[in-house]
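# A closer look at the structure
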Amino acid sequence: MKIYKLSFFMILMALPLLGFTQKLNSNSEKISFSEWLYSGNIFVKMPIANDDKDINKKTFNQKSLLQFNQVDVAKLRPAQGEESTFSDTNWEVVKADKEGFATAKINGKTENYQIQYFVTYIEANRWVQAELSIQSSDMLEVYLNGKAIGGIYSIEDETASFSKKLKLEKRNYTLVLKVLSKAEKTKKVKIAATVNLDEPYSNFDLNISTNPEHYMDIAHVLEGPRVNSVKVSADGEYFLAEYSEVTPPEGKRLRWIEIYELQTKRLVRTIRDHNYRNIVWLPYGHQFSYLSGKNLWISNAESGELNLLAENLGAGDFSWSKDGSFIIYSVSEDAPKKNELAQKLENMQDRWPWWRSRSFLYKLDVKTGLKQRLTFGNLTTDLHDISSDGSRIIYSESMINNSERPFSKQYLYELNLETLKLDTLWVKSFGGSVSYSPDGEKLLVTGSPAMFGNIGVNLVKQKLQNDYDDQAYIYSLKDESVKAITHSFDPKIENGYWKSNNTIYFRVEEKTYRNLYNYNVKEDRFNKIETDQDILANINFSIKSEYAGFTSHGINNSNKAYILNLETSETELVLNPEKEFFKNVKFGEIEDWVYTKDDGTELDGFIYYPPNFNPEMKYPVIVYYYAGTSPINRSFRGRYPKELYTAHGYVVYVVNPSGATGYGQEFSAAHVNNWGVTVADEIIDATKYFTANHEYVNKDKVGCMGASYGGFMTMLLMTKTDIFATGISHAGISSLSSYWGEGYWGFLYNSTAAANSYPWNNKELYVDQSALFSADKQENSLLLLHGGADTNVPVGESIQLFAALKLAGKSVEFVSIPGENHWILNYKKRIVWQKTIAAWFDKELKGETQWWDDLYPDPNLK
């Protein structure tokens with residue numbers, strides 16, 4: 001089956017979705033636009049003194065009036081019958097006559113000009129080259145996805161024409177014709193448009209419609225107004241929401257705050273374009289505090305009145321005492337500059353640019369403004385908590401310890417703020433996070449299962465615990481006794497909040513979900529709070545009221561904000577800022593799918609289907625995994641947006657192999673000393689079972705992809721099996737020993753992932769599980785992606801495998817993203833990176849090479 005036939009059937013399936021669609025002629029390479037959405041007439045006038053020359057010796061003529069932005073064209077995405085925001089009519093459909101011209105009557109006074117907008121949508125079902133041709137009776141400007149691409153600026157005959165060569169990627173385009181006419185009572189505007197497709201493309205590859213519904217594209221991954229946090233005031237009367245939005249074309253990030261009354265949802269204030277950090281409600285009243293630069297400010301929620309609490313505090317964090325009488329803040333101190341000509345490393349951590357800097361704790365009395373330095377010395381001091389009565393704080397220091405894993409020790413202290421008497425609570429190899437109980441008699445501790453010896457470890461089959469599978473403990477300050485409260489609780493603890501003496505709230509990673517539980521201290525019982533959300537992204541508890549605010553998203557839901565009533569466990573949706581952004585986006589179905597191994601172990605997974613999926617067709621498949629210590633959860637978008645890949649016509653199968661946290665300690669411990677020993681076979685077997693049990697899968701067109709640990713898995717998998725026609729590895733590890741020594745955190749990550757194993761005592765792990773040493777066994781194509789400035793997994797990991805595969809005569813390509821670290825964050829570079837992924841899969845799994853060739857033309861450098 002040829003690929004263009006796949007596109008044809010997809011379009012046939014899309015006809016009911018997209019409403020009226022241009023009739024296609026398979027014997028022609030020209031498509032005529034048969035209908036348009038029409039805005040009606042908008043009266044415009046020339047400015048005063050338009051015939052005078054400005055400082056650039058130019059007049060303001062009709063072309064100037066046409067190119068002036070009366071309306072933000074980039075935001076135009078109308079639908080039939082929708083009310084126009086800039087004219088007194090609704091958007092209506094106008095149809096072309098048999099010559100291809102659509103007409104609209106001009107109404108108005110002869111001394112005025114009029115503007116009309118004609119809008120339609122083009123769905124490119126693959127990357128195509130095409131020529132757009134426009135004819136018009138009047139001057140016009142042509143916009144494609146909000147960008148002007150040319151126009152007709154003079155009319156000498158009855159009509160004039162414009163043409164433009166286009167390269168259309170797989171996505172939906174908004175085509176806007178902005179027409180300027182001299183208002184005459186009897187005149188009609190005539191416009192016509194065609195698209196001519198170059199070979200080898202056919203008119204099956206484009207779909208033209210006046211329906212704005214479309215599939216997900218890269219803009220939906222990177223842009224859109226997102227609510228990042230919701231914080232409820234101490235008395236529960238207000239909530240504060242923090243937003244951000246990335247905007248094209250440069251990727252500028254906008255940040256703003258909105259403050260609402262909680263009961264009425266009345267918007268009280270909006271604060272835009274701020275540079276606030278660490279925004280926190282005060283423990284009393286309706287004021288919030290924040291850092292701006294090095295200064296600490298207090299703002300009144302209602303009036304906006306500002307008070308400068310302290311200047312030059314430094315750029316560190318701060319915490320309020322429970323009564324609001326003082327704050328504890330940190331100040332960073334830079335170490336002397338390193339020798340620019342030569343540098344002696346004091347230890348492995350000395351490679352980190354920030355490691356020689358230190359931060360220390362200070363106290364600020366709010367009433368008097370008196371500052372007091374609390375800590376000094378050679379080690380950074382980190383605040384954990386302030387006791388409820390304000391008399392004590394808990395802080396820690398960390399010291400390098402190369403004698404045993406995890407190669408550091410935590411020193412935990414309790415400091416009496418009145419006497420400055422210091423008590424050492426513990427010195428431990430496995431440190432943790434600590435907070436006081438409300439009565440100050442106990443500590444809530446979260447950390448490794450082995451933090452307090454073996455009391456937190458719950459293993460039967462496995463030998464070593466996964467130290468990333470954080471547990472929760474209650475530690476008595478009086479007698480130093482410890483209770484492992486999550487010993488038989490499978491979810492991983494992400495953070496905890498001791499709300500009252502008898503109630504602790506935990507946000508947990510539970511399989512592919514992030515959920516909220518409360519723990520009854522007296523009854524030693526966990527209770528799940530049903531929020532009806534897949535991913536509870538973050539939660540903030542009001543200090544004194546019974547409310548909390550949280551943001552969430554899910555496997556098919558964008559970011560939203562909720563208020564949780566802790567007394568009733570009821571949730572209320574309060575903010576949905578991306579509702580309009582995703583209003584016209586069509587998604588495919590998503591299905592949970594579990595693979596069961598021969599030993600009964602269940603591996604969670606998902607199937608993401610393309611929009612308008614047809615089970616009678618054959619689809620290419622992308623298998624996606626991480627396989628590290630965290631599961632691929634039910635999050636929306638992300639750095640590897642499955643929804644985007646399905647919009648490109650792929651079925652995506654996500655598999656979570658053993659070793660991930662959130663499934664219990666026995667399951668997560670399988671990660672230790674594995675590095676693909678069993679996980680590679682799990683992915684291979686799960687993929688074989690998936691393809692065998694789904695007839696819509698084209699078994700010859702299955703690709704795989706992963707990043708970081710998942711990139712390592714891709715490299716390894718391609719040397720172990722030929723079931724994957726191609727693979728993509730982003731920031732993969734090709735040699736465990738070089739990553740172990742060179743990556744910023746390589747030897748530290750391996751203190752758990754390869755516990756007690758080193759290149760000198762476990763060559764079987766470090767060599768046999770490294771794709772570099774099996775490069776000759778790779779059979780199918782591989783794309784290596786890597787940030788050129790990656791400090792986590794250095795780019796050399798891809799470079800050395802690229803060299804090996806080239807010399808071994810294997811099919812490999814390598815794309816480096818200059819200046820980017822482990823994650824590709826730069827807006828423009830991330831777009832190119834995502835296009836590279838899509839173009840590679842189109843080339844290898846669909847046989848469509850043109851997009852890849854356009855991105856990376858052959859320079860003839862052999």
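This text follows the structure it describes.
This structure is a prediction, so every number in the text was calculated from the model and none was measured.

## Regarding the side chain of Ser 770
Note on placement: Ser 770 falls in the loop between α10 (763–766) and β52 (781–787). A distance of 2.6 Å separates a polar atom in the side chain of Ser 770 from the backbone oxygen of Tyr 766. Leave out the neighbours within four places in its chain, and Ser 770 touches Ser 734, Ser 735 and Leu 736.

## Details of the sheet that holds strand β17 (residues 252–261)
Spatially, four strands are ordered β15-β16-β17-β18 in an open sheet, and the strand pairing comes out antiparallel. Where the open sheet ends on each side, the last strands, each with one partner, are β15 (226–232) and β18 (267–272). For this sheet the average axis-to-axis angle between neighbouring strands, irrespective of direction, equals 20°. Two strands pair when backbone bridges link them, and β17 and β18 are joined in this way by five bridges, in the antiparallel orientation. Pairing of Trp 256 across the sheet is with Arg 272, part of β18.

## Some remarks on the pairing of strand β33 (residues 471–476)
Buried residues dominate β33, accounting for six of its six residues. The alternating pattern of β33 places Gln 471, Tyr 473 and Tyr 475 on one face and Ala 472, Ile 474 and Ser 476 on the opposite face, and all of these are buried. Where strand β32 (residues 442–447) lies against β33, six bridges are found, and the strand directions are antiparallel. Bridge pairing in β33 places Leu 443 opposite Tyr 475. As paired strands, β33 and strand β34 (residues 482–484) are joined by three bridges and run antiparallel to one another. Looking at β34, one finds that Tyr 475 is bridged to Val 482.

## Things to note about the packing of aromatic side chains
Tallied over the entire structure, the rule returns 61 aromatic pairs. Their ring planes at 75° and their centres at 6.0 Å tell us that Trp 281 and Phe 288 sit as a pair that is edge-to-face. By relative accessible area, Phe 288 is classed as buried at 0%. Centroid distance Tyr 497 to Phe 541: 4.7 Å. Interplanar angle 5°. Geometry classified as stacked. Here Tyr 497 is found in strand β35 (residues 492–500), whereas its partner Phe 541 is found in strand β39 (residues 535–541), with 44 residues between them in sequence. Take Tyr 497: its relative accessible area is 27%, and that puts it in the partly exposed class. Note on Phe 541: relative accessible area 14%, which makes it buried. Counting every residue linked through ring pairs, the aromatic cluster contains Tyr 468, Tyr 626, Trp 675, Tyr 709, Phe 712, Tyr 739 and Tyr 749. It is Lys 363 that lies over the ring of Phe 326; its NZ or CZ is 4.7 Å from the centre. Directly above the ring of Trp 426 sits Lys 428, whose terminal nitrogen or CZ lies 5.8 Å from the centroid.

## Some details on the nonpolar core
Ranked by size, the top nonpolar core spans 66 residues in total, and within it Trp 36 and Phe 118 carry the most contacts. Sequence-distant contacts of Trp 36, that is, excluding residues within four places in its chain, are made with Glu 92, Val 93, Val 94, Ala 102, Phe 118, Val 119, Thr 120, Leu 175, Leu 177, Ile 191, Ala 193 and Thr 210. Counting residues in each nonpolar core, the second largest holds 53 residues, with Trp 593, Phe 690, Tyr 696 and Leu 717 among its members.

About the cut-offs
Residues numbered from 1 in each chain as written. Predicted model: local features only at pLDDT ≥ 70, side-chain atom pairs only at ≥ 80, totals over all residues. Heavy atoms only, no water. Helix = DSSP H or I, 4+ residues; strand = E, 2+ residues; numbered from the N terminus. Polar contact = N/O pair within 3.5 Å; in protein donor to acceptor, adjacent residues only side chain to side chain. Contact = heavy atoms within 4.5 Å. Pairing = 2+ DSSP bridges. Axes fitted to C-alpha atoms, helices over the stretch in contact; angles between N-to-C directions. Buried < 20%, exposed > 50% of the residue type's maximum accessible area, 1.4 Å probe, protein only. Phe/Tyr/Trp six-rings, centres within 6.5 Å; stacked < 30°, edge-to-face > 60°. Lys NZ or Arg CZ within 6 Å of the ring centre and 35° of its normal. Core = buried A, V, L, I, M, F, W, Y, C linked by side-chain atoms within 4.5 Å.

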